[in-house]
Amino acid sequence: MKCENCTKKECSKKQKNDDAQSTSVDVLSPNDDFEEKNEFFTLANAKILLSDCLACDNCMTSEEGARVFQQNQKEFFRILNLNKKCDTSKHKVLAVSICPQSLPYFAAKFSLSVNDAAKRLCGFLKSLGVHYVFDTTIAADFSILESQREFVQRYQRRNQEEHALPMFASACPGWIRYAERVLTNLVTPHICTAKSPQQIMGSLVKGYFARQQNLSPEKIFHVVVAPCYDKKLEALREDFYTALYNSQEVDCVLTSGEIVQIMEQKNVSMKDVTEVAVDSLFGEIKEGDVVRHDGKRSDGYLEHIFKHAAKELFGMDVKEITYKALKNKDFQEVTLEKDGETVLRFAAAYGFRNIQNMVLKLKKGKFLYHFVEVLACPGGCLNGKGQTQTEDGKPDKALLSQMEDVYAAIPVRLPEANVYVQKMYQDWLEGMDSRKVQETLHTKYSAVNQTASNLDIKW
């Protein structure tokens, strides 16, 4: 069979690979027919220690541990090389979605503006053979909007439903795994049901975009570039798998640092890469300048939900939010007062030390907060272990400080201001209150009781 690069009936490139480079690479999956030595073979075969994940030894099974190891560069390369073979029936459309908290890493590391970093990263990925590169900000728009609506509904039901409040944010997979497998029923009923931006992006790519391109979801291989390793675990969740298409919403997660490893092994500098505009989910339209949401180091769930709730529940327009630091800079609270009474009390709890203190208050019945933005990483998403560690595994504080400056300078866009989101609610999701919204943008978090093996996992 001929491929687009061939002029002969038999592909000479395929023959060369089959004859001269048929030695199998050491892989986890013995059923992989396409794992051969190839142009990517010299690249580092990334080893991911489970200590890179923030889950504790109660949170991981041996089977999950093995599957996490498969979420690495090798799987990405397998698809790239699969697409170079002549059997087009096995080719995949390769789409990469980049988290907003990863872009400041590339900008700071290579001394670029965040817009230049986005375009050069897109150019590099496309030079490897990626077909589409997306920004996940639109997925965060959906996640925030759904979280806002759910909080208001929970607040209005707080006197009728025992577990309506407090509500905990659901965007951080390290926190979610800890809650489901360690804290169980004490916490899981309180977790917001809105999917994280990563998984909503999975729904957008495998659902909306696939339909727009007239593709079956299993023909798309969807990679997410993220700041932390816990995103790899999130992508493996059973509730994010579609049996009809034998397809996960996200097929592979690579950290920002793993992308830089690929660049280094290929001797590529970001400054030498051709700039290419980031793709949009909407046909030939290209993304403009990078935008972000409120929040210093994350997608800003606390700020958006707080302002929305103040307006919807109490008719108050909050322009600026004042944070009050409590025990440390990673545990802060925000309050809203009306007629001398505190009507809203929100908190941000980052890092497991603060999470454990928060849970202790919940157990003792001394919990005062209506909503908590919970993130497993101290310092928030910018400080994910997949992009802020030095080679010896220590936090790169200087780089993180630069990233925070870069992130803070990105213009803020309200989720409500995204016209494409509003259009998709009507055209794709059949309205904001539809059953399809619940099926596509929400999931259920519940206690998981199972025995985990004691692997290389640390707090």
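As the structure is a computational prediction, the values presented were derived from the model and not from experiment.

> Before we move on, can you summarise helix α11 (residues 301-314) with the specific residues and values?
For α11, with 14 residues, the first-to-last C-alpha span of 19 Å sits near the 20 Å given by 1.5 Å per residue. Burial runs high along α11: ten of the 14 residues are buried. Residues of α11 that are buried make contact with α6 (137-156), β3 (167-168), α8 (197-212), β9 (331-338), β10 (341-350) and β11 (371-375). Backbone geometry just after α11 places G315 at a positive phi near 65°.

> Give a description of the confidence of the model for the chain that names residues and reports values.
Averaged over every residue, the pLDDT of the chain is 83; residues scoring 70 or more account for 82%. For residues 1-58, every residue scores under 50 in pLDDT, and the model assigns this stretch 114 contacts once sequence neighbours within four places are set aside.

> Explain the sheet that holds β3 to me, and be specific about the residues and the numbers.
Spatially, the five strands line up as an open sheet ordered β3-β11-β10-β9-β8, and their pairing is mixed. The open sheet has two edge strands, β3 and β8 (324-328), and neither has a second partner. Of the pairings in the sheet, the one linking β9 to β10 comprises eight bridges and is antiparallel in character. Following the sheet pairing, E333 is matched in β10 by A347.

> I'd like to hear about the pattern of salt bridges, residue by residue, with values.
Taken as a whole, this structure holds 19 salt bridges when the rule is applied. Between E333 and R345 there is a salt bridge whose closest N-O contact spans 3.5 Å. Of this pair, E333 sits in strand β9 while R345 sits in strand β10; the two residues are twelve residues apart in sequence, bridging distant segments of the chain. Put simply, E146, R149 and D433 are held in one network by salt bridges that share partners.

> Break down the packing of α6 against α11 for me, with residues and values.
Axis separation between α6 and α11 bottoms out at 9 Å; the angle between their running directions is 45°. On the basis of the axis angle, α6 is oblique to α11. Crossing angle aside, the handedness with which α6 passes α11 is right-handed. Contacts between α6 and α11 pair S143, I144, S147, Q148, F151, V152, Y155 and Q156 from the former with Y301, H304, I305, H308, A309, E312, L313 and F314 from the latter. Looking at side-chain class alone, the contact of α6 with α11 contains nine nonpolar, six polar and one charged residues.

> Can you lay out the side chain of N83 for me, pointing to particular residues and giving the numbers?
Position of N83 among the secondary structure elements: in the loop between α3 (73-82) and β1 (93-98). What N83 contacts, discounting residues up to four positions off in sequence, is H91, K92 and H131.

> I'd like a description of the sheet that holds strand β4 (residues 220-226), backed by residues and values.
Pairing between sheet strands relies on hydrogen bonds along the backbone, with the strands arranged either parallel or antiparallel. Taken in spatial order, the four strands make up an open sheet running β2-β1-β4-β7, and their pairing is parallel. The open sheet has two free edges, formed respectively by β2 (132-135) and β7 (252-255), since each of these has just one partner strand. Within this sheet the neighbouring strands show an average axis-to-axis angle of 25°, counted without direction. Where β4 meets β7, four bridges bridge the pair, whose relative direction is parallel. Counted as the bridge partner of V224 is V253 from β7.

> Tell me about the packing of helix α7 (residues 173-183) against helix α12 (residues 352-363), and name the residues and values.
It is the contact of α7 with α12, at a shortest axis distance of 12 Å, that shows an interaxial angle of 45°. Relative to α12, the element α7 lies oblique. By crossing handedness, the relation of α7 to α12 is classed as right-handed. Contact residues: G174, W175, Y178 and L183 in α7; F352, I355, Q356, M358 and V359 in α12. Of the residues belonging to the contact of α7 with α12, the class tally is seven nonpolar, two polar and no charged.

> Explain a nonpolar patch on the surface to me, using residue names and the numbers behind them.
A grouping of I285, V419 and Y420 is seen on the molecular surface, where their side chains present a nonpolar patch of about 260 Å² in accessible area. With respect to the element layout, Y420 can be found in helix α14 (residues 419-427).

> So what's going on with empty space enclosed by the protein? Residues and values would help.
Which parts of space are left empty comes out when a probe the size of a water molecule is rolled across the atoms. Inspection of every chain in the model, using the stated rule, returns two cavities of 30 Å³ or more. For the largest cavity, the calculated volume is near 250 Å³. Q101, A171, K231, L375 and C381 are the residues nearest the centre of the largest cavity, which is lined by 23 residues in total. Contributing elements (two or more residues each) for the lining of the largest cavity: α8, α9 (230-235) and β11. Taken together, the residues of the lining of the largest cavity break down into 14 nonpolar, five polar and four charged. Of the volumes computed, that of the second largest cavity is approximately 30 Å³. Each residue belonging to the lining of the second largest cavity can be placed in one class, and the counts come to four nonpolar, one polar and two charged.

Each value, and the rule that gives it
- Residues numbered from 1 in each chain as written.
- Predicted model: local features only at pLDDT ≥ 70, side-chain atom pairs only at ≥ 80, totals over all residues.
- Heavy atoms only, no water.
- Helix = DSSP H or I, 4+ residues; strand = E, 2+ residues; numbered from the N terminus.
- Expected span 1.5 Å × (residues − 1).
- Buried < 20%, exposed > 50% of the residue type's maximum accessible area, 1.4 Å probe, protein only.
- Contact = heavy atoms within 4.5 Å.
- pLDDT = per-residue confidence, 0-100.
- Pairing = 2+ DSSP bridges.
- Salt bridge = Lys/Arg side-chain N within 4 Å of Asp/Glu carboxyl O.
- Axes fitted to C-alpha atoms, helices over the stretch in contact; angles between N-to-C directions.
- Parallel < 35°, antiparallel > 145°, perpendicular 65-115°, else oblique.
- Left-handed = near helix turned anticlockwise from the far one by under 90°.
- Nonpolar A, V, L, I, M, F, W, Y, C, P; charged D, E, K, R; others polar.
- Patch = residues over 30% accessible without salt bridge, like charges linked within 9 Å, V, L, I, M, F, W, Y side chains within 5 Å.
- Areas by Shrake-Rupley, 256 points an atom, 1.4 Å probe, with all protein chains shown as cover.
- 1 Å grid on protein atoms, 1.4 Å probe; cavity = no way out; pocket = protein on both sides within 12 Å on 5 of 7 lines; lining within 4 Å.
- Points joined across faces, edges and corners; volume = space filled by probe spheres on them.

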